[in-house]
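# Understanding the architecture of this molecule
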Amino acid sequence: MIQKKVCMVGVFATGKTRLVQRFVHSLFSTKYHSTVGVKIDRKQMQVGNEQVNLLLWDIEGRTSDQEIPESYLKGAHAVFYVADGTRRETVDQLFSLRDHVRSAAGDVPSIVGLNKHDLKDQ
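Residue numbers restart at each chain and count upward from 1, following the sequence in its written direction. Only residues with pLDDT of at least 70 are given local features in this predicted model, and only at 80 or more are side-chain atom pairs given and counted; all residues enter the totals for whole chains, interfaces and linings. Only hydrogens and water are removed before side-chain values are computed, so all heavy atoms of the structure are retained for them.

## Looking at unusual backbone geometry
For residues other than glycine, phi is negative in most cases, and the peptide bonds are mostly trans. Basically, it comes down to this: Here a helix means four or more residues in a row that DSSP labels H or I, a strand means two or more in a row labelled E, and each is numbered from the N terminus. Burial classes follow relative accessibility: with a 1.4 Å probe on protein chains only, a residue under 20% of its type's maximum area counts as buried, one over 50% as exposed, and anything between as partly exposed.
Look at Ala13: it is not a glycine, yet its phi comes out positive at around 60°. Structurally, Ala13 can be placed in the loop between β1 (2-9) and α1 (16-25). Positive phi is not limited to glycine here, since Ser26 has a value of about 55°. When you line up the elements, Ser26 lands in the loop between α1 and β2 (38-47). Classification of Ser26 as exposed rests on a relative accessible area of 54%.

## Description of the environment of Ile59
The test is simple: Contacts are residue-level and defined by heavy atoms, with any inter-residue pair within 4.5 Å sufficient.
Relative to the helices and strands, Ile59 is located in strand β3 (residues 50-59). By relative accessible area, which is 1% here, Ile59 ends up buried. Residue contacts for Ile59: discarding those within four places in its chain leaves Cys7, Met8, Val9, Lys16, Gly37, Val38, Ile68, Tyr72 and Leu73.

## Side note on the sheet that holds strand β4 (residues 78-84)
This is how it is decided: Strand pairing requires that DSSP identify at least two bridges connecting the strands. Between N-to-C directions, angles cover 0 to 180 degrees, with each direction set by a line fitted to C-alpha atoms, over the stretch in contact for helices.
Here five strands make up an open sheet; going across it, the order is β2-β3-β1-β4-β5 and the pairing mixed. With partners counted over all chains shown, the strands left at the sheet margins are β2 and β5 (110-115), one partner each. The mean inter-strand angle of the sheet, taken between neighbouring strand axes irrespective of direction, is 25°. With four bridges joining them, β1 and β4 adopt parallel strand pairing.

In short, the description is geometric, and any link to function would need to be established separately.
This is the structure in structure tokens:
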């Protein structure tokens, strides 16, 4: 079995935890619960002929002047950056978070997700 660590990174209240819950447990809630530290979820999936075990590290939200502990990022195979489509500053802050993540985790594959598109009128 292949095991891969994926870190979810972004500022506070961008929806990282909700995305993980939806992906792993097929659940959605509008209740806000702030993540403290890191929460790790596991999702097993079949990719081609391989069984893949994803370890999703839901890392607490940060601001651009707070650094994520390097121990959370070490060994990451990928990074999922999450921004809130209703708050432009969350997109802007990803650039400084990205620099820190790259220094700790290296140049791993990454993607940016703009969350809360359904709330764009707000």
